[in-house]
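Listed here are the chains, written in short residue letters.
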Amino acid sequence: MIIDDQRSHFIFIYHPKVYHGKRYTVYNGKDLTNGEILQYWGKWIVLGERSWLDEMARKLDMYVEEESVPCVKYDRTPSVNLGVEECVMMVYCDKRQREDVWKILQQLGVKFKAWVSERETMEMWVPGARLFEQWIASQDFDEVTIEAIREDARQSLGHVFDHPDDIFDPWKQ
Amino acid sequence: MDIMIRVPPSLKQWFDGSDETSCHGETIGGCIGNLTDRFPGLKDRLLDEEGNVSEAIIIFLNGDNINTMEGQTTQVKDGDEISIIPLAAGG
């Protein structure tokens, strides 16, 4: 199911089950814990023009519906404020199934192979990390807002690192 | 050794308009050296002043971030594929 909410920077592809309280961060039918997310979760990166990614999304929707691919998200527009000139699609899965998902992407014409773990991603987005600070600097936030964002990031990401046995709860984007 | 290097379309100018090229080397560092010899100006895009991989990019070997391996000393072999993306594309 493709979710195209204009209020979000991203377009998502979820299985409809998420609207019934089910999680997509699952492996072998089991919800992943925070610790397992850090150890196993990640995404294949696909870069290209929005029109091509829209086409990819329509094709990947089938694989998400049959749960061969857990979740996909991609940019509505390029994040030029972060130095990226094309749209980025992230095809999420557990590392233990990533080669199966890669085969799907290859069949759809993806040649560029780049896997980024969720741990690496989170480490890029903690306050003080390069990407987080780059994004903050690119926005027109006042100091109060910046500090609130930093604190929110500390709490959200800190919870994942500090509570490895809790079931992972994806945050709204 | 023949190694394939791929970049996203926005970085084609690195390789004279192509999003892929081949290179030679025993390690990632060797491949970078081979590329920077062939493509003037590439060195400043790939490496910082101290010769470390630039923080503005992520380099992958067969899909995995070289920072999870041995960095520039990671060995490569015939048929391997190196991908390079801007840092933010990985976030």
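Here, every reference points to the structure presented above.
None of the values given here were measured: they were computed from a predicted structure.

Asks: Help me understand the overall build of chain A in this model?
Replies: In terms of helices and strands, chain A carries six helices and eight strands. Ordered by position from N to C terminus, the α and β elements of chain A give β-β-β-β-α-β-α-β-β-α-β-α-α-α. Against the globule reference of 16 Å for 173 residues, chain A gives a C-alpha radius of gyration of 16 Å, in line with a compact fold. In terms of its C-alpha atoms, chain A occupies a principal-axis envelope of roughly 45 × 40 × 30 Å. For chain A, the proportion of its 173 residues judged to be buried stands at 49%.

Asks: Would you mind showing me how to read empty space enclosed by the protein here?
Replies: Empty space left among the atoms is revealed by rolling a probe the size of a water molecule over them. Residue and element names in this part refer to chain B. The tally for this structure, following the rule as stated, stands at one cavity of 30 Å³ or more. Approximately 40 Å³ is the volume found for the largest cavity. Around the largest cavity, the lining residues are Ile5, Ile28, Cys31, Ile32, Leu35, Leu46, Ile59, Ile82 and Ile84. In terms of residue count, the dominant contributor to the lining of the largest cavity is helix α1 (residues 28-38) (four residues).

Asks: Would you explain the interface of chain A and chain B in this entry?
Replies: A common measure of how large an interface is: the accessible area buried when the components associate. Between chain A and chain B, the contact holds 24 residues from the first and 24 residues from the second. Ranking the residues of chain A by area buried against chain B places Phe112, Lys113 and Arg130 of chain A at the top, with a combined share of 29%. The tally of links from chain A across to chain B stands at two salt bridges. Taken together, the links from chain A to chain B amount to six residue pairs in polar contact (both at pLDDT 80 or more). Secondary structure elements with two or more residues in the side of chain A that touches chain B: β5 (41-48), β7 (87-94), β8 (115-117), α4 (118-124) and α5 (130-138) of chain A. Here the element with the most residues in the side of chain A that touches chain B is β5 of chain A; it accounts for four residues. When the residues that make up the side of chain A that touches chain B are grouped by side-chain class, the tally is 14 nonpolar, two polar and eight charged.

Asks: Before we go on, may I ask you to explain the sheet that holds β5 of chain A in this structure?
Replies: Note: strands within a sheet are paired through backbone hydrogen bonds, in either parallel or antiparallel orientation. All names here are of chain A. Across the sheet, which stays open at both edges, the six strands sit in the order β1-β2-β6-β7-β5-β8 with antiparallel pairing between neighbours. Because the sheet does not close on itself, it has two edges, and the strands there are β1 (2-3) and β8. The pairing of strand β2 (residues 10-13) with strand β6 (residues 71-75) spans four bridges and is antiparallel. In the strand pairing of β6, Ile11 is matched with Tyr74. Each of β1, β2, β5, β6 and β7 is contacted by helix α2 (residues 50-65), which is oriented at about 20 degrees to β7, the strand it contacts most.

Asks: Explanation requested: the packing of aromatic side chains in the structure shown.
Replies: Aromatic ring pairs are defined here through the distance separating the ring centres and the angle between the ring planes. Tallied over the entire structure, the rule returns nine aromatic pairs over all chains. Measuring from ring centre to ring centre gives 5.1 Å for Phe15 of chain B and Phe39 of chain B, while their planes differ by 55 degrees; the resulting arrangement is tilted. In this pair, Phe15 of chain B is assigned in the loop between β1 (3-6) and β2 (20-23) and Phe39 of chain B in the loop between α1 and α2 (42-46), connecting sequence segments 24 residues apart. For the residue pair Phe15 of chain B and Phe39 of chain B, the accessibility class agrees, reading buried in each case. Members of the aromatic cluster, joined through ring pairs, are Phe10, Phe12, Tyr14, Tyr24 and Trp41 of chain A.

Asks: Just to check I follow, could you spell out the side chain of Glu118 of chain A for this structure?
Replies: Residues and elements named next belong to chain A. Within the secondary structure layout, Glu118 lies in helix α4. One buried charged residue, Glu118, forms no salt bridge at all, with the nearest opposite charge on Lys43 at 4.5 Å. Among residues more than four places away in sequence, those in contact with Glu118 are Ile37, Trp41, Gly42, Lys43 and Tyr92.

Parameters at a glance
- Residues numbered from 1 in each chain as written.
- Chains lettered and ligands numbered in written order.
- Predicted model: local features only at pLDDT ≥ 70, side-chain atom pairs only at ≥ 80, totals over all residues.
- Heavy atoms only, no water.
- Helix = DSSP H or I, 4+ residues; strand = E, 2+ residues; numbered from the N terminus.
- Rg over C-alpha atoms; globule rule 2.2 N^0.38 Å.
- Buried < 20%, exposed > 50% of the residue type's maximum accessible area, 1.4 Å probe, protein only.
- 1 Å grid on protein atoms, 1.4 Å probe; cavity = no way out; pocket = protein on both sides within 12 Å on 5 of 7 lines; lining within 4 Å.
- Points joined across faces, edges and corners; volume = space filled by probe spheres on them.
- Contact = heavy atoms within 4.5 Å.
- Buried area = accessible area lost by both parts, 1.4 Å probe.
- Salt bridge = Lys/Arg side-chain N within 4 Å of Asp/Glu carboxyl O.
- Polar contact = N/O pair within 3.5 Å; in protein donor to acceptor, adjacent residues only side chain to side chain.
- Nonpolar A, V, L, I, M, F, W, Y, C, P; charged D, E, K, R; others polar.
- Pairing = 2+ DSSP bridges.
- Axes fitted to C-alpha atoms, helices over the stretch in contact; angles between N-to-C directions.
- Phe/Tyr/Trp six-rings, centres within 6.5 Å; stacked < 30°, edge-to-face > 60°.
- Lys, Arg positive; Asp, Glu negative; His and termini not counted.

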